[in-house]
Amino acid sequence: MGSDNRKRHVPPIMVRVTPEEKARIHAQAEACALSAPAYLRNLGLGHDVAGVMDQKAILDLLSVNADLGRLGGLLKLWLTHDERLEAFSVEEVRGLLAKIETTQRCIREKVEAL
């Protein structure tokens, strides 16, 4: 938000809340990595307030997707009979496929969590 860029010449808007409401506002602001005033200003002005958890979930998804890409690349090498991978057995490749399926399930779970 950058409060240094703003020129505030009017008194603040005061809102009375219960201690429980205040604690909840502070907790929700912290979850969005904002101060309580910045959080309330964004809400009051109709701006989206993205939570840090959403950003973490997106980073987790990107990480899982990268893992899946690496696994797929190894499988592709094996299928092209790359001599570097001749030492791997069919069982090991099946294990790789199982890991890919597990990774896909993980991606689905994380998407559903969003």
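Residues numbered from 1 in each chain as written. Predicted model: local features only at pLDDT ≥ 70, side-chain atom pairs only at ≥ 80, totals over all residues. Heavy atoms only, no water.

A word on the overall build of the protein chain. Tallying secondary structure elements over the protein chain gives 4 helices and 0 strands in all. Mapped in sequence order, the helices and strands of the protein chain form the string α-α-α-α. Counting contacts in the protein chain only where the partners sit at least 6 residues apart, residues at least 24 apart contribute 43% of the total. Summed over its atoms, the accessible surface of the protein chain is roughly 9400 Å², and 58% of this surface lies on carbon and sulfur atoms. (Helix = DSSP H or I, 4+ residues; strand = E, 2+ residues; numbered from the N terminus. Contact = heavy atoms within 4.5 Å. Areas by Shrake-Rupley, 256 points an atom, 1.4 Å probe, with all protein chains shown as cover.)

For the rest of this paragraph, the subject is the pattern of salt bridges. For the coordinates displayed, the defined rule picks out 1 salt bridge. In this structure, Arg70 and Asp67 form a salt bridge, with 2.3 Å as the shortest nitrogen-oxygen distance. Placement of both Arg70 and Asp67 in helix α3 (residues 52-79) is noted, with a separation of 3 residues, approximately one turn of the helix. Looking at Arg70, the relative accessible area reads 51%, which means it is exposed. (Salt bridge = Lys/Arg side-chain N within 4 Å of Asp/Glu carboxyl O. Buried < 20%, exposed > 50% of the residue type's maximum accessible area, 1.4 Å probe, protein only.)

Turning next to unusual backbone geometry. Even without a glycine there, the phi angle at Ala33 is positive, about 60 degrees. Note on placement: Ala33 falls in the loop between α1 (19-31) and α2 (36-44).

Before going further, it helps to examine the environment of Ser89. As for its placement among the helices and strands, Ser89 is situated in the loop between α3 and α4 (90-113). Sequence spacing of Ser89 and Trp78 is 11 residues, and the spatial spacing of their C-alpha atoms is 9.8 Å.

Let us now look at the side chain of Thr103. Turning to its location among the elements, Thr103 is positioned in helix α4. Separated by 2.8 Å, the side chain of Thr103 and the backbone oxygen of Lys99 make a polar contact. (Polar contact = N/O pair within 3.5 Å; in protein donor to acceptor, adjacent residues only side chain to side chain.)

The next point concerns the packing of α1 against α2. Interaxial distance between α1 and α2 falls to 8 Å at its minimum, and their mutual angle equals 85 degrees. On the basis of the axis angle, α1 is roughly perpendicular to α2. Contact with α1, carried on its side by Ile25, His26, Gln28 and Ala29, involves Ala36, Tyr39 and Leu40 of α2 and no other residues of that element. Class assignment for the residues of the contact of α1 with α2 results in 5 nonpolar, 2 polar and no charged. (Axes fitted to C-alpha atoms, helices over the stretch in contact; angles between N-to-C directions. Parallel < 35°, antiparallel > 145°, perpendicular 65-115°, else oblique. Nonpolar A, V, L, I, M, F, W, Y, C, P; charged D, E, K, R; others polar.)

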